[in-house]
Amino acid sequence: MTIRVLHVASELYPLLKTGGLADVTAALPAALIELGADARVLLPGFAGVAAGLSELRPIARLERGFGISEATLELGRLPGNDLPVYMIRADAFYARPGNPYLDDEHVPYGDNAQRFALLGWAAAQLAQHLDPDWAPHIVHAHDWHAGLAGAYLRAAARERGAASAPPARSVFTIHNLAYQGIFPAQQFGELGLPPDFFDMHGVEFYGQLSFLKAGLFYADKITTVSPTYAREIQTVAQGGGLEALLKGRAHDLVGILNGVDYRVWSPAADAAIAARYSVTRMSGKLRCKAALQQRFNLTQKHDAPVFGVVSRLTEQKGLDLLLAALPDIVSRGGQLVVLGTGDASLEQGFARAARQHPEAVAVELGFDETLAHAIVAGADVMMVPSRFEPCGLTQLYALAYGALPLVHRVGGLADTVTDASLENLADGTATGFVFERFEPDALTAAIRRAFALYARSRDWRETRARGMREDFGWAASAQRYMALYRELV
Ligand code: ADP
Ligand code: GLC
């Protein structure tokens, strides 16, 4: 039997991306299709999505508008890989310039509950043959934006009669437990869900409405994006108040590591970088490094280790710790290149450091896909000192591009990078630098290890080659999702 699965999310690379979610929602369905699944995606019709999909055609009018008068479902394709994508055209909700979740002042839009309820509701409608030509067996929702899909499926079952099964089985994937989609209780009434769903055993969370909790409560299976994070979120320290629910559902919860789309992230075939290279022909990497130093007006020194950052500048990413350690990088003769956007205090902190050390520190504030590739290609070390990290893709891209990842030992970072300790070097397993305690001196010690290894160029080259040879492709993870779907249908 061919499994039909609908991925419900708010971002899709390359049409709309604020973080790793978009990379996953593009690559995972494609990998599932390669395994024989019939996978499609459902997205809100944000400007970038509406402009980027090809062959868009209307499928059905959406009867419920959550306060707006006009909403339709359309079907198109993702140019490049032909992935079928349903899009909700509801311009009053989605056709806003800039960030999909926040207004110009970086404040969440006041109608986010309605904007994303429409997404979850439309997913449940698709499971009930809104498109006469296609309906999913599995509705696979990602993060809080799609969190109500499972609740609407359950509500549909209730309407059909007490003993009915929902029209599709459901999977919910946690990409980040820190974003919970919490709204005032008063907004519950606008969602059209059965009143008794506003309950501790339902969508209610400490008196408020939580889309994330709805996702976790109503899904048949829960996944998250690394095995370590799956354990961490069952603890008080990292459960965000949902640890008891997650623990209670422990045997429906599994951690499946994200993969890398090597069609997008391979230095041997990357048009966005200054020169192509591979593990057996590394000279291009030196050219990428020189190009990066030139692009940012850093001192042109091939033997100064370049540390790179490509990141959302948020509390999660631990870059305040890097700001504290930055003088150490500079005084040891290293260079730092930062690309990111987010919290004003971090943006200002890095901008100030760049003004103080223009020859050694460079910062670009913004979101720039091409530059992200250029930095990973040109850097010797990629820094990911996150406080917590569900999976993390940057360190995986770094491994592929021969930039040694330097990471905090949490979540997916712990699952994917092996520290260059003496014993791991001796055993031939080291791929990067890992620090344990989230404290400045622990990060500084890891930076010092990076300098020490850099000075031992043979060990450096071996470690780098090992990382480049690792395979974090999607095939293995997609198999695991397929096994989960099969269990459900
Ligand atoms: P998260 O999803 O928490 O942001 P990940 O490491 O999983 O972290 O994914 C981040 C993705 O976003 C990567 O593809 C990374 O290259 C990209 N990215 C982050 N910030 C920027 C930026 N300022 N410009 C371009 N790409 C960025
Ligand atoms: C989230 C997480 C990140 C993960 C990404 C894709 O944004 O912060 O760790 O890699 O989702 O799953």
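Computed from a predicted structure; not experimentally measured.

> Would you take a moment to explain helix 10 (residues 319-331) for this structure?
Note on helix geometry: an α-helix contains 3.6 residues per turn, so any two residues three or four positions apart are oriented the same way. Over its 13 residues, helix 10 runs 19 Å from end to end, which matches the ideal 18 Å to within 8%, given 1.5 Å per residue. Along its length, helix 10 shows its largest kink, about 45°, at Ala 325, and proline Pro 327 lies within four residues downstream of that point. Looking only at helix 10, the buried set comprises Leu 319, Leu 321, Leu 322, Ala 325, Leu 326, Ile 329 and Val 330. The first or second residue beyond helix 10 is Gly 333, which carries a positive phi of 90°.

> What is the right way to read the domain arrangement of the protein from this model?
Domain annotation for the protein reports domain 1 (4-259 + 474-488) and domain 2 (283-469). Averaged C-alpha coordinates put domain 1 and domain 2 at centres separated by 33 Å. Listed per partner, the contact involves 20 residues of domain 1 and 18 residues of domain 2. Where domain 1 abuts domain 2, roughly 1,400 Å² becomes buried across the two surfaces, and 57% of that area is made up of carbon and sulfur atoms. Its largest share of buried area at the contact with domain 2, domain 1 owes to Lys 17, Thr 228 and Leu 257, together 23% of the area lost on that side. At the junction of domain 1 with domain 2, the criterion picks out 1 salt bridge.

> Looking at this structure, how should I read the site of ligand 2?
Looking at ligand 2, there are 14 residues lining it, with His 175, Asn 258, Glu 389, Cys 391 and Gly 392 nearest. At a separation of 2.4 Å, an oxygen atom of ligand 2 approaches a polar side-chain atom of Glu 389. Protein coverage of the free-state accessible area of ligand 2, which is 300 Å², stands at 93%. Within the shell around ligand 2, the residues separate by chemical class into 6 nonpolar, 6 polar and 2 charged.

> Teacher, can you tell me more about the packing of aromatic side chains here?
Here a ring pair, both rings aromatic, is described through the centre-centre distance and the interplanar angle of the planes. Following the criterion strictly, the structure yields 21 aromatic pairs and no others. Ring centres 6.4 Å apart and planes at 55° place the aromatic pair Phe 46 and Phe 116 in the tilted group. One end of the pair, Phe 46, is in the loop between strand 2 (38-44) and helix 2 (47-52); the other, Phe 116, is in helix 4 (residues 112-127), and 70 residues separate them in sequence. Like Phe 116, Phe 46 is buried. Positioned over the ring face of Tyr 109 is Arg 96, at 4.7 Å from the centre of the ring.

> What should I look at first to understand the packing of helix 10 against helix 16 (residues 440-455) in this one?
For any two helices packed against each other, the geometry is given by the interaxial angle and the distance between the axes. Running from N to C, helix 10 and helix 16 cross one another at 40°; their axes reach a closest spacing of 9 Å. Overall, the two elements helix 10 and helix 16 adopt an arrangement that is oblique. Where helix 10 crosses over helix 16, the two elements pack in a sense that is right-handed. Across the interface between the two elements, Leu 321, Leu 322, Ala 324, Ala 325, Asp 328 and Ile 329 of helix 10 pack against Pro 440, Leu 443, Thr 444, Ile 447, Arg 448 and Phe 451 of helix 16.

> I tried to follow helix 5 (residues 149-160) on my own but got confused; where do I start?
Relative to the 16 Å expected for 12 residues at 1.5 Å per residue, helix 5 spans 17 Å between its end C-alpha atoms, a close match to the ideal helical length. The inward-facing, buried residues of helix 5 abut helix 4, strand 6 (138-142), strand 7 (169-174) and helix 6 (211-218). Phi turns positive, to about 130°, at Gly 161, one or two residues after helix 5.

> Explain the sheet that holds strand 10 (residues 208-210) here, please?
To summarise the sheet geometry, strands pair through backbone hydrogen bonds and adopt either a parallel or an antiparallel arrangement. One open sheet accounts for 3 strands, arranged 8-10-9; its pairing is antiparallel. This sheet does not close on itself; its edge strands, each paired only once, are strand 8 (182-183) and strand 9 (204-205). With 2 bridges joining them, strand 8 and strand 10 adopt antiparallel strand pairing. Looking across to strand 10, one finds that Phe 183 is bridged to Leu 209. Contacting strand 8, strand 9 and strand 10, helix 6 crosses the sheet at an angle of about 60° to strand 10.

> What am I meant to see in the UniProt feature "binding site: ADP-alpha-D-glucose" (unreviewed entry) in the protein here?
Those places that UniProt annotates as "binding site: ADP-alpha-D-glucose" (unreviewed entry) correspond, in this numbering, to Lys 17. Within the secondary structure layout, Lys 17 lies in the loop between strand 1 (4-8) and helix 1 (20-34). In this view, Lys 17 contacts Glu 11, Ala 22, Asp 23, Phe 367 and Glu 369; residues no more than four positions away in its chain are not counted.

> Is there a simple way to think about the site of ligand 1 in this case?
Around ligand 1, 20 residues are found, and the nearest of them are Gly 20, Asp 23, Arg 312, Lys 317 and Gly 366. Between ligand 1 and the protein, one listed contact pairs a nitrogen atom with a backbone N or O atom of Gly 366 at 2.8 Å. At 3.1 Å, a side-chain N or O of Thr 394 approaches an oxygen atom of ligand 1. Notes on ligand 1: free accessible area 570 Å², of which the protein chains cover 93%. Those elements that provide at least two residues to the shell around ligand 1 are helix 1, strand 13 (306-313), strand 14 (335-342) and helix 13 (394-400). Take the shell around ligand 1: its biggest share by element is 3 residues, from strand 13. Residue classes in the shell around ligand 1 are distributed as 6 nonpolar, 8 polar and 6 charged.

> Is there a simple way to explain the pattern of salt bridges in this structure?
Opposite charge on two side chains permits them to pair, given that their charged atoms come into close proximity. Under the definition given, this model contains 25 salt bridges. Glu 462 is the partner of Arg 458 in a salt bridge, and the nearest nitrogen-oxygen pair spans 3.6 Å. Of this pair, Arg 458 and Glu 462 both sit in helix 17 (residues 457-469), 4 residues apart, roughly one helical turn. On the basis of relative accessible area, Glu 462 is assigned to the partly exposed category, the value being 35%. Residues joined by salt bridges that share partners form a network here, namely Lys 221, Arg 249, Asp 252 and Glu 487.

> Hey, could you run me through the nonpolar core in this one?
Side chains that are nonpolar tend, in soluble globular proteins, to be buried together. In this structure, Leu 42, Ile 88 and Leu 118 are the most contacted members of the largest nonpolar core, which totals 79 residues. Per-element tally for this core: the top contributor is helix 4, with 11 residues. Not counting residues within four places of it along the chain, the set of residues in contact with Leu 42 comprises Leu 6, His 7, Val 8, Ala 9, Leu 73, Tyr 86, Ile 88, Leu 119, Ala 122, Ala 123 and Leu 126. Grouped together as the second largest cluster of nonpolar side chains are 53 residues, Val 260, Tyr 277, Cys 288 and Met 468 included.

> How do you make sense of the side chain of Thr 25 when you look at a structure like this?
Structurally, Thr 25 is set in helix 1. Here Thr 25 falls in the buried class, since its relative accessible area comes to 1%. A polar atom in the side chain of Thr 25 sits 2.5 Å from the backbone oxygen of Glu 11. Those residues in contact with Thr 25 that lie beyond four places of it in its chain are Ala 9, Glu 11, Leu 12, Val 41, Leu 83 and His 142.

Reading the values: rules and limits
- Residues numbered from 1 in each chain as written.
- Chains lettered and ligands numbered in written order.
- Predicted model: local features only at pLDDT ≥ 70, side-chain atom pairs only at ≥ 80, totals over all residues.
- Heavy atoms only, no water.
- Helix = DSSP H or I, 4+ residues; strand = E, 2+ residues; numbered from the N terminus.
- Expected span 1.5 Å × (residues − 1).
- Bend = angle between axes of the 7 residues up to and from the residue.
- Buried < 20%, exposed > 50% of the residue type's maximum accessible area, 1.4 Å probe, protein only.
- Domains from an automatic or database assignment.
- Contact = heavy atoms within 4.5 Å.
- Buried area = accessible area lost by both parts, 1.4 Å probe.
- Salt bridge = Lys/Arg side-chain N within 4 Å of Asp/Glu carboxyl O.
- Near = heavy atom within 4 Å.
- Polar contact = N/O pair within 3.5 Å; in protein donor to acceptor, adjacent residues only side chain to side chain.
- Areas by Shrake-Rupley, 256 points an atom, 1.4 Å probe, with all protein chains shown as cover.
- Nonpolar A, V, L, I, M, F, W, Y, C, P; charged D, E, K, R; others polar.
- Phe/Tyr/Trp six-rings, centres within 6.5 Å; stacked < 30°, edge-to-face > 60°.
- Lys NZ or Arg CZ within 6 Å of the ring centre and 35° of its normal.
- Axes fitted to C-alpha atoms, helices over the stretch in contact; angles between N-to-C directions.
- Parallel < 35°, antiparallel > 145°, perpendicular 65-115°, else oblique.
- Left-handed = near helix turned anticlockwise from the far one by under 90°.
- Pairing = 2+ DSSP bridges.
- UniProt positions renumbered as here; feature names shortened; annotations may be inferred.
- Core = buried A, V, L, I, M, F, W, Y, C linked by side-chain atoms within 4.5 Å.

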